Each structure stands twice: as structure tokens, then as C-alpha cells.
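Tertiary structure, described
Here's the letter readout for the chains.
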Amino acid sequence: MKIYNKKNFRYGLWMTVLGVLMLLTSIWKGFDVKGTVILALCLFPGIGLLLRSLSRDMSREDKIAELDERNKLVEWRAKSRALGIAELACFVCVLISIVGMRAMEAFFGGMLVAFGLMFTIMLLAELFTLLYYNKKL
């Protein structure tokens, strides 16, 4: 048995092991809805990735799809949009924390520091990547 796509094999093996551990834990402690959903979300895609990594044709399809320029463009645009949405959400939370500091200073003060730090890190990451790619291109 030959592994044609090692990256998918690793991900599939990891997800399958997590799913099996979750199954054993559920058998030992009892099944609940959240655990069963996590079990299904780990076990079934993990087995699927394992099977795809062991098949020559399916692995070739996966590698072609991974190298496709349109798929890369869609992924980059989605990540860029996600960063913009996360920045906006952090900024709104910073504003809410500033307003809420009048009511409960200790709670909203901690939130202000946390969201302010996250917002700053996101802005700096965006700035440095922008500078890097402006130099590179």
C-alpha cells in the first residue's frame, strides 16, 4: 500500500485518531450530543482523507486542485476578508469596552486590554505583510 499524498495522509490519520479517541471516551463516559457531533466531524473526514491519500487518481485530483490558481485566489481573498471582518469586530469590542468601563471598570478594563492588543497585532500583521509584498513585487 503506497501513500500518494503524505500531507492528506497525516491530516487524515490525525483526525481519525482523534475520532477514535472520542469514540472510546464516549463509550467509557456515555454519549452526548456535542461529543457525538465532534466524533462524526473528526472520524468521517479523517477516514475520507486517508482513503484519498492512498488512491493514485484521487491524490492526483487533490494535488491539481491545490495548485489551481483560481482556488488559491479564492483562498487568499477569503483570508483577506476574514482579517478585515476580525479587525472590525475587535474595533467594535474596543469601543464597547471603552463605553462599558463606566459601569464595571475591572471587567471592561480587562476586555479593553485584550481586544486592544488583538486589534494592534492584526493591524501590525497587515502592515508588515503589505510592506513585504510591496518590496517583493
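Residues numbered from 1 in each chain as written. Predicted model: local features only at pLDDT ≥ 70, side-chain atom pairs only at ≥ 80, totals over all residues. Heavy atoms only, no water.

As for the pattern of salt bridges
Worth spelling out the cut-off: Here a salt bridge means any side-chain nitrogen of Lys or Arg lying within 4 Å of a carboxyl oxygen belonging to Asp or Glu. Each helix is a run of H or I in the DSSP string that is no shorter than four residues. Each strand is a run of E no shorter than two, and both are numbered from the N terminus.
Tallying each qualifying case throughout the model produces five salt bridges. Here Arg52 and Asp62 are joined by a salt bridge, their closest N and O atoms 2.8 Å apart. Highlighted residues: Arg52 in helix α2 (residues 33-54) and Asp62 in helix α3 (residues 56-67), separated in sequence by ten residues. The salt bridge partner of Arg60 is Asp57, with a shortest N-O separation of 3.8 Å.

Considerations on the packing of aromatic side chains
Each pair of aromatic rings is reported with the distance of its centres and the angle of its planes. Inclusion rule: Ring geometry is summarised as follows: Phe, Tyr and Trp rings, the Trp one being its six-membered ring, pair when their centres sit within 6.5 Å, and such pairs are stacked at plane angles under 30 degrees, edge-to-face over 60 and tilted between the two. Burial classes follow relative accessibility: with a 1.4 Å probe on protein chains only, a residue under 20% of its type's maximum area counts as buried, one over 50% as exposed, and anything between as partly exposed.
Summed over the entire model, instances satisfying the criterion amount to three aromatic pairs. Here Phe91 and Phe119 contribute two aromatic rings whose centre-to-centre distance is 5.6 Å and whose plane-to-plane angle is 40 degrees, an arrangement assigned as tilted. A residue pair is termed long-range when its members are at least 10 positions apart, and Phe91 in helix α4 (residues 69-100) and Phe119 in helix α5 (residues 105-136) qualify at 28 residues. Pairing Tyr132 with Tyr133 gives two aromatic rings, centres 4.9 Å apart and planes at 75 degrees, and the pair type is edge-to-face. For Tyr133, a relative accessible area of 45% gives the class partly exposed.

Section: the packing of α4 against α5
Counted only if it meets this: Lines are fitted to the C-alpha atoms to define the axes, a helix being fitted only along its stretch in contact, and any angle between axes, read from their N-to-C directions, falls within 0 to 180 degrees. Each angle gets one of four labels, with under 35 degrees taken as roughly parallel, over 145 as roughly antiparallel, 65 to 115 as roughly perpendicular, and the rest as oblique. Left-handed is the label given to a crossing in which the near helix is rotated counterclockwise from the far helix by less than a right angle, and right-handed is the label when the rotation is clockwise. Residue contacts are defined here by distance: any two heavy atoms, one from each residue, within 4.5 Å place the two residues in contact.
Viewed as axis vectors pointing N to C, α4 and α5 meet at an angle of 150 degrees, and their least axial separation amounts to 8 Å. As the angle between them shows, α4 and α5 are arranged roughly antiparallel. The element α4 and its partner α5 pack so that their crossing is left-handed. Residues Leu83, Ala86, Glu87, Cys90, Phe91, Cys93, Val94, Ile96, Ser97, Ile98 and Gly100 of α4 form the contact with α5, whose participating residues are Phe108, Met111, Leu112, Phe115, Gly116, Met118, Phe119, Met122, Leu123 and Glu126.

Looking at the confidence of the model for the protein
Applicable threshold: Per residue, pLDDT captures the predictor's confidence, and it can take any value from 0 to 100.
Across the protein, pLDDT averages 90, with 100% of residues at or above 70. The least confident element of the protein is α3, whose mean pLDDT is 87; the most confident is helix α1 (residues 6-29), at 92.

Quick look at the side chain of Thr16
Rule in force here: Side-chain atoms alone can form a polar contact between residues adjacent in sequence; in general such a contact is a pair of N or O atoms within 3.5 Å, and within protein one must be able to donate a hydrogen while the other accepts it.
Among the structural elements, Thr16 can be located in helix α1. Judged by relative accessible area, Thr16 falls into the buried class, the value being 14%. A distance of 2.6 Å separates a polar atom in the side chain of Thr16 from the backbone oxygen of Gly12. Discounting residues that sit within four places of it in the chain, Thr16 has contacts with Cys42, Leu43, Gly46, Ile47 and Leu50.

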